[in-house]
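Spelled out from the first residue to the last, the chains are:
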Amino acid sequence: MSRWKPLPAELHPHVHQLIVRLRGLKDRGELSTRQLGVKTGYSARSWQRYLNGGSLPPREAVEAMARIGGEDPDRLLALHETAAEHWARGTPVTADASESALEGTPVTALQAPAQQQPYGRHLRAAVIAGAVALVLSVSAVFLLAVRLADARAELADRAGTGPVTPAVVSETLIPIAYTCRLERHDGRWYAGHSNTTDTILAYTHVGREVAEAQCLLRRAGVSPGDIDGIFGPETQRAVVRLQKRDGLVVDGVIGSHTWKSLREAASE
């Protein structure tokens, strides 16, 4: 069982609850942060930040953790959505307000001064109406920034450890439309972008190897979406469908066994 350090006291209760759930899944699976990095495509350093309250995990990371830990992803993602809203607001929560939030009492009701009650109700209604749209837009921008920061951290984690193939998503990424040039040699399919049979590809990876896998996924009858060389959600779902269909370990990661299935699939 991991020895967890206390979470920051300023975390909103919903954020605190999400992190505790993720910690529980990690402990239940007896996984190290390095193992989490391999299974989810997010670096060990990123998971350390997520699990210690230093950074909000992206939606995809939470979904991957739910899949690995055998948790219902819908319930965990619903909790993540609520946590993301409070994280984006960045509003400090007092101890009394935290307890009330956990008990279902609106925090705003506790924080509103008594002398503002005659007109405070109308003011809060107007503020809430504008805040809903603001929170949605800020959340989207914030989560994108978190994801890009994680990609940079991933590159930093791997720097100095030898050649890195493939790269991961970066802020300067320009989408590329790849063309699939399918040919068969010695019983194996190739799409003209890479001859690899063992390069490990996971969520957020980019490059010609990813484009090769996307072409072969499409040929195998499981569409990865656009052939853009970006290992995104659609490509990950296609990999999972292929692994389930072919009786492979279902982890959403392309390794040697999944490459073999893609290269040697008999039917389109």
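One can find the structure itself at the top, above this paragraph.
Residues numbered from 1 in each chain as written. Predicted model: local features only at pLDDT ≥ 70, side-chain atom pairs only at ≥ 80, totals over all residues. Heavy atoms only, no water.

**Q** What exactly am I supposed to notice about the overall build of the protein here?
**A** Check the secondary structure of the protein and you find eleven helices and four strands. The contacts of the protein with a sequence gap of at least 6 include a subset with a gap of at least 24, amounting to 58%. About 14,800 Å² of surface is accessible on the protein, with carbon and sulfur atoms providing 55% of the total. (Helix = DSSP H or I, 4+ residues; strand = E, 2+ residues; numbered from the N terminus. Contact = heavy atoms within 4.5 Å. Areas by Shrake-Rupley, 256 points an atom, 1.4 Å probe, with all protein chains shown as cover.)

**Q** How should the state of the cysteines be read in this particular structure?
**A** By definition, a disulfide is the covalent link that joins the sulfur atoms of two cysteine residues. By the definition in use, this model includes one disulfide. Paired through a disulfide, Cys-180 and Cys-215 show a sulfur-sulfur distance of 2.0 Å. Because the torsion about its S-S bond is -85 degrees, the bridge between Cys-180 and Cys-215 counts as left-handed. Here the residue Cys-180 occupies a position in the loop between β1 (167–168) and β2 (183–185), and Cys-215 occupies one in helix α9 (residues 208–219), the gap between them amounting to 35 residues. Assessed through its relative accessible area of 27%, Cys-180 is described here as partly exposed. Judged by relative accessible area, which is 1%, Cys-215 ranks as buried. (Disulfide = S-S within 2.5 Å. Buried < 20%, exposed > 50% of the residue type's maximum accessible area, 1.4 Å probe, protein only.)

**Q** Looking at this structure, how should I read the nonpolar core?
**A** Grouped burial of nonpolar side chains is what soluble globular proteins tend to show. Counting 25 residues, the largest nonpolar core has Val-15, Leu-18, Leu-22, Trp-47, Leu-56 and Leu-76 as the members making the most contacts within it. Of all the secondary-structure elements, those providing two or more residues to this core are α1 (13–29), α3 (44–51), α4 (59–69) and α5 (73–89). Take this core: its biggest share by element is six residues, from α5. Excluding its chain neighbours within four sequence positions, the residues that come into contact with Leu-18 are Leu-56, Pro-57, Leu-76, Leu-79, His-80 and Ala-83. Judged by nonpolar contacts, the second largest core, of 15 residues, contains Trp-189, Val-210, Leu-216 and Val-222. (Core = buried A, V, L, I, M, F, W, Y, C linked by side-chain atoms within 4.5 Å.)

**Q** Can you walk me through the pattern of salt bridges in this structure?
**A** Opposite charge on two side chains permits pairing when their charged atoms draw close. This structure, assessed with the given rule, holds six salt bridges. Among the salt bridges present, the one from Glu-264 reaches Arg-188, with a minimum N-O distance of 3.7 Å. Here Arg-188 lies in strand β3 (residues 188–190) and Glu-264 lies in helix α11 (residues 256–264), a separation of 76 residues in the sequence. Put simply, Asp-246 and Arg-245 hold a salt bridge, and the shortest N to O gap is 3.1 Å. By relative accessible area, which is 31% here, Asp-246 ends up partly exposed. On the basis of relative accessible area, Arg-245 is assigned to the partly exposed category, the value being 46%. Because the salt bridges share partners, they merge into one network encompassing Arg-21, Arg-28 and Glu-71. (Salt bridge = Lys/Arg side-chain N within 4 Å of Asp/Glu carboxyl O.)

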